Amino acid sequence: MDGGSARDLRRAAGRFRGPRGLPRLWFFTDPERTPKPWKIAAALPAGAAVVFRHFGAPNRRVVARKLQRICAQRRLLLLIGADPALAAAVGAAGVHLPERMATAALALKSVRPDWIVSVAAHSQAASRTIADAVILSPIYPSRSPSSGAPLRIALAARIARASSVPVIALGGVKLPHMRELANAGFSGAAGIDLFLG
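The next thing to look at is the overall build of the chain. Tallying secondary structure elements over the chain gives seven helices and eight strands in all. For 197 residues, the compact-globule estimate of 2.2 N^0.38 gives 16 Å, and the C-alpha radius of gyration of the chain, at 15 Å, lies within 12% of that figure. Principal axes of the C-alpha set define a box for the chain whose edges measure 40 × 35 × 35 Å. Counting over 197 residues, the chain shows a buried share of 52%. Counting contacts in the chain only where the partners sit at least 6 residues apart, residues at least 24 apart contribute 55% of the total. For the chain, the exposed area adds up to about 9200 Å²; of that, 54% sits on carbon and sulfur atoms.

This part covers the sheet that holds strand β6 (residues 133–136). Across a sheet, strands are paired by hydrogen bonds formed along the backbone, either parallel or antiparallel in direction. Taken in spatial order, the eight strands close into a barrel running β1-β2-β3-β4-β5-β6-β7-β8, and their pairing is parallel. Along the sheet, successive strands turn relative to each other by an average axial angle of 25°, direction set aside. Strand direction decides the pairing type here: strand β3 (residues 77–81) and strand β4 (residues 94–97), joined by three bridges, are parallel. Bridging across to β4, I80 finds its partner in V95. Contacting β2 (49–52) and β3, helix α3 (residues 60–74) runs over the sheet at an angle of about 160° to β3.

Moving on to the pairing of strand β8 (residues 188–191). Where burial is concerned, the two faces of β8 agree: the one with G188 and A190 and the one with A189 and G191 are both buried. Of the pairings in the sheet, the one linking strand β1 (residues 25–28) to β8 comprises three bridges and is parallel in character. Counted as the bridge partner of L25 is A189 from β8. Following the backbone out of strand β7 (residues 167–169), through helix α7 (residues 178–183) and into the adjacent parallel β8, one traces a crossover that is right-handed.

Looking along the chain, the bond that leaves S137 and enters P138 is cis, with omega of -10°. The residue P138 is located in the loop between β6 and α6 (153–162) in this model. Even without being glycine, R152 reaches a positive phi, approximately 75°. Structurally, R152 can be placed in the loop between β6 and α6. Among the residues examined, R152 registers a relative accessible area of 48% and is labelled partly exposed.

Before going further, it helps to spend a moment on the pattern of salt bridges. The final tally for this structure, using the stated rule, is six salt bridges. Its salt-bridge partner being D193, residue R143 comes within 2.7 Å of it at the nearest N-O pair. Here the residue R143 occupies a position in the loop between β6 and α6, and D193 occupies one in the segment after β8, the gap between them amounting to 50 residues. Relative accessible area serves as the criterion here: at 12%, D193 is assigned to the buried category. Members of the salt-bridge network, linked through shared partners, are R33, R143 and D193.

Once that is clear, we can look at α6. The complete set of buried residues in α6 reads A156, A157, I159 and A160. The buried residues of α6 occupy an angular sector of 165° when projected down its axis, which confines them to one face. Exposed positions of α6 whose direction lies more than 90 degrees from the buried face are R158, R161 and A162. In this fold, the buried residues of α6 make contact with β6 and β7.

Bringing the nonpolar core into the picture now. Among the nonpolar cores identified, the biggest contains 70 residues, and W26 and F186 are the most heavily contacted of them. When residues in this core are grouped by element, the largest group, five residues, is from α3. When sequence neighbours within four positions are dropped, the list of residues in contact with F186 reads F16, R17, L136, I139, I153, A156, A157, A160, V167, I168, A169 and L181.

What follows is about the side chain of K109. As for its placement among the helices and strands, K109 is situated in helix α5 (residues 105–111). Here K109 falls in the buried class, since its relative accessible area comes to 19%. Setting aside residues up to four positions removed in sequence, K109 forms contacts with W115, V117 and D132.

Turning to the environment of F195, a few remarks are in order. Looking at the secondary structure, you find F195 in the segment after β8. Between the alpha carbons of F195 and A43 there is a distance of 8.9 Å; along the sequence they are 152 residues apart.

Conventions and cut-offs
- Residues numbered from 1 in each chain as written.
- Predicted model: local features only at pLDDT ≥ 70, side-chain atom pairs only at ≥ 80, totals over all residues.
- Heavy atoms only, no water.
- Helix = DSSP H or I, 4+ residues; strand = E, 2+ residues; numbered from the N terminus.
- Rg over C-alpha atoms; globule rule 2.2 N^0.38 Å.
- Buried < 20%, exposed > 50% of the residue type's maximum accessible area, 1.4 Å probe, protein only.
- Contact = heavy atoms within 4.5 Å.
- Areas by Shrake-Rupley, 256 points an atom, 1.4 Å probe, with all protein chains shown as cover.
- Pairing = 2+ DSSP bridges.
- Axes fitted to C-alpha atoms, helices over the stretch in contact; angles between N-to-C directions.
- Right-handed = clockwise from strand over helix to strand, strands pointing away.
- Salt bridge = Lys/Arg side-chain N within 4 Å of Asp/Glu carboxyl O.
- Arc of directions from axis to C-beta.
- Core = buried A, V, L, I, M, F, W, Y, C linked by side-chain atoms within 4.5 Å.

Written as structure tokens, this is what we have:
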């Protein structure tokens, strides 16, 4: 496992700088690798984000409600992947949009200004968006099946520094990468394995 303890993660997250209220740590769920995401959420440090991405799962609403209860208890922020209706139904803190839905960010923010809206990006062009945060990936080699070739830190740093909104690093991120990512201009780190300690 590549993850760290809640204390290690909290310490590493302290390296990042970004807007107040924006999480520094983002746990992305995965139906295969995190079939019980509530167990990981229950161990996250306060202030982290949980991005629920069990697309099409038959028990999606039940799991989202369970996650929201844990997030409320532990002072975490729940974002629902690509489903504003489910986010509203469970009282989530916002939504995470895949890159193909990035243009919906502005409309969502106008309807729900209280929500955090994040958008996935895989290039510099895609990082130009009206959202609260851009989740840029993959930074490092990743074992996610949908992951493409890694951007590598030099290019990713240029994208992060040029972005008008905070950029969160995703893709192969491990605890030892945190200092490098913070120094490269990222506002936080995201992952799956990062939290499987």
